[in-house]
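A closer look at the structure
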Amino acid sequence: RTVLFAIALVLVACVWELWKLIAPAPGALVPRTDDRSMPHVWDIVRRLGDPERRGLDEPIWRTVLGYAWNTGKLALGGFALGGVVGIFLAVVMARWRVAERALLPWVIMSQTVPLIALAPQVISWSGRLSIGGWEWPRWLSVCVLAAFLAFFPIAVGTLRGLKSAPSAALELMDSYAASWWRTLVKLRFPAAVPYMVPAFKLAATLSVVGVIVAEISIGQSNGIGRAVISYLQTGSGDPAKIYAAVFGAALLGMALYGLVVLADTVVTRNRPKEGIT
């Protein structure tokens, strides 16, 4: 997998340079391929070793890693919150069919709301919350926005998994007079693992997207989203700089994806292979 990933990166770089070489003149549907709009791959890689701005000694890749760390903590919080909400909704919908008919259309429709338009509203509402002197922090609003994207695949995937338990196994649990809760823990959730893992992988990457969009929308500092905005402002004179933030966001998404893969390996280490294929 590592070799294939490296080959894929090389192919993307080759396609990038080939398009710069053979692309037709820019028009309505053809983007510009000049060095200011599409810098060479080697210029982008070389820029990673230069400072973020003049007067600094730290290379930009280390600065971007710091931004990615701050964004990653918020993305992890949004991912966890989205997981709790998604699993809770899935259990409720699996328990009562009327709840599934009532909630599932709203769960699906929620993903049609543009996050960039929702972010200012969430900040406005949460800024008025104060409980016993505790005020709602701004970073928690970013986690909520990330959870808004993350909960959907978890809810749908977990619901499908909970309903995938074999009917013969369900009848066996009924013959033992097992409660619905015990059946859920002993049978339905183990059967749902192959469906939940892909959903969690997708939710992990979506939580990163949610945090970056929220940071851009509300001006959250010290994150990848803020770096994207500040680097774009100097893009005309330093076009390769913006790709440092792009690489940081991609690396962060891969890191959260890897955490889910690691958790999957730990959870299913004693599970028969035919049960997870």
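One can find the structure itself at the top, above this paragraph.
Residues numbered from 1 in each chain as written. Predicted model: local features only at pLDDT ≥ 70, side-chain atom pairs only at ≥ 80, totals over all residues. Heavy atoms only, no water.

1. Regarding the overall build of the protein
Each helix and strand counted, the protein has 10 helices and two strands in total. Secondary structure elements of the protein occur, N-terminal to C-terminal, as α-α-α-α-α-β-β-α-α-α-α-α. Put simply, the protein has 277 residues, and 38% of those count as buried. Accessible surface computed for the protein: about 16,700 Å², of which carbon and sulfur atoms make up 67%. Side chains of the protein carry 26 positive and 16 negative charges; the gap between the two charge centres is 8 Å. (Helix = DSSP H or I, 4+ residues; strand = E, 2+ residues; numbered from the N terminus. Buried < 20%, exposed > 50% of the residue type's maximum accessible area, 1.4 Å probe, protein only. Areas by Shrake-Rupley, 256 points an atom, 1.4 Å probe, with all protein chains shown as cover. Lys, Arg positive; Asp, Glu negative; His and termini not counted. Charge placed at Lys NZ, Arg CZ, Asp CG, Glu CD.)

2. Some words on the packing of helix H6 (residues 138-162) against helix H8 (residues 180-218)
Two elements in contact, H6 and H8, have axes separated by 6 Å at closest approach and are oriented at 150 degrees. If you check the angle between H6 and H8, you find them roughly antiparallel. Along this stretch, H6 crosses H8, giving a crossing that reads as right-handed. Classifying every residue of the contact of H6 with H8 gives 23 nonpolar, five polar and three charged. (Axes fitted to C-alpha atoms, helices over the stretch in contact; angles between N-to-C directions. Parallel < 35°, antiparallel > 145°, perpendicular 65-115°, else oblique. Left-handed = near helix turned anticlockwise from the far one by under 90°. Nonpolar A, V, L, I, M, F, W, Y, C, P; charged D, E, K, R; others polar.)

3. Quick notes on the nonpolar core
Buried together is how nonpolar side chains tend to be arranged in soluble globular proteins. In this structure, Phe79, Leu145, Ile224 and Tyr231 are the most contacted members of the largest nonpolar core, which totals 54 residues. At the level of secondary structure, the elements contributing two or more residues to this core comprise helix H3 (60-95), helix H5 (115-126), H6, H8, helix H9 (224-233) and helix H10 (242-267). Sort the elements by how many residues they give to this core and H6 lands first, with 12 residues. Beyond its immediate sequence surroundings of up to four residues, Phe79 is in contact with Ala150, Ile154, Phe200, Ala203, Ala204, Ser207 and Val260. Listed in part, the five residues of the second largest apolar core include Ala165, Met173, Ala178 and Ala191. (Core = buried A, V, L, I, M, F, W, Y, C linked by side-chain atoms within 4.5 Å. Contact = heavy atoms within 4.5 Å.)

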